[in-house]
Amino acid sequence: MEMKKRLTLELRNKKPAEVKELVLDNCRSDDGKIVGLSSDFENLEFLSMININLLSVSNLPKLSKLRKLELSDNRISGGLEVLAERTPNLTHLNLSGNKIKDINTLEPLKKLPNLHSLDLFNCEVTMLINYRESMFSLLPQLTYLDGFDADDQEAPDSDPEADGDGLDDEYDENGEEGEEEDDDEEDELDEEVIDDDEEDEDDLEGEEEEDGVDDEVRLFFLA
């Protein structure tokens, strides 16, 4: 699907200024360039253009509020100075699987003061000697490079599902407590049933004794 058509579908009758997240993965870009995207998307915060055969980001419009940009699995080899000019508040940038070979190609990213996460997986530049040390030296604002900080500590998982752990624990505790309370109630009911059974047995024995006395009285009168 062509990029322009994909953009129309993603808008779903919304105005560009109403869109905060835009995913254009796997569509076709014309001549390896961005087509159809304009500065009208002024409130865009997340943009994903994975595997769209991009050669250049030169047509990227001014997106002042953009925070996260996904450009993995394309053929970008340079021209990153455009990012500093048009996405000045970028914090996350994914360039994995592109044609970036040299550290110098990434130097324009120094002008992105808020960039603290950069991914370059499967780029040739990652094979260079002292790659990580060189990158953290070139971009001191970075906190995470390829998912790890300068001390090789992995970036924290931001998966929303992890937030449910505490709720599950609380639920389990409440469930156990509820089961204990149910057990106590069942024990009390069992004791009541036993008491009732004993009373019924006593009544039966009393009735049998009374029947025996009545028989003896009848025999006495008959005699």
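Residues numbered from 1 in each chain as written. Predicted model: local features only at pLDDT ≥ 70, side-chain atom pairs only at ≥ 80, totals over all residues. Heavy atoms only, no water.

(A) Structural detail: empty space enclosed by the protein. Enumeration over the complete set of coordinates arrives at 1 cavity of 30 Å³ or more. Counted by class, the lining of the largest cavity contains 2 nonpolar, no polar and 4 charged residues. (1 Å grid on protein atoms, 1.4 Å probe; cavity = no way out; pocket = protein on both sides within 12 Å on 5 of 7 lines; lining within 4 Å. Points joined across faces, edges and corners; volume = space filled by probe spheres on them. Nonpolar A, V, L, I, M, F, W, Y, C, P; charged D, E, K, R; others polar.)

(B) Here's a closer look at the sheet that holds strand E6 (residues 144-145). The strand order across the open sheet built from 6 strands is E1-E2-E3-E4-E5-E6, with neighbouring strands paired in parallel fashion. The outermost strands of the open sheet, each flanked by one partner alone, are strand E1 (21-23) and E6. Inspection of the sheet shows strand E5 (residues 117-119) paired to E6 by 2 bridges, in the parallel sense. If you follow leucine 118 over to E6, its bridge partner there is leucine 145. (Pairing = 2+ DSSP bridges. Helix = DSSP H or I, 4+ residues; strand = E, 2+ residues; numbered from the N terminus.)

(C) Structural detail: the layout of surface pockets. Considered as a void within the structure, the largest pocket measures approximately 360 Å³ in volume. Taken together, 16 residues line the largest pocket, and the ones lying closest to its centre are His92, Ser117, Asp119, Ala155 and Pro156. Residue assignment for the lining of the largest pocket shows that the elements contributing at least two residues are strand E3 (68-70), strand E4 (92-94) and E5. Here the residues of the lining of the largest pocket are counted per class, giving 5 nonpolar, 6 polar and 5 charged.

In short, geometric facts, not functional conclusions.
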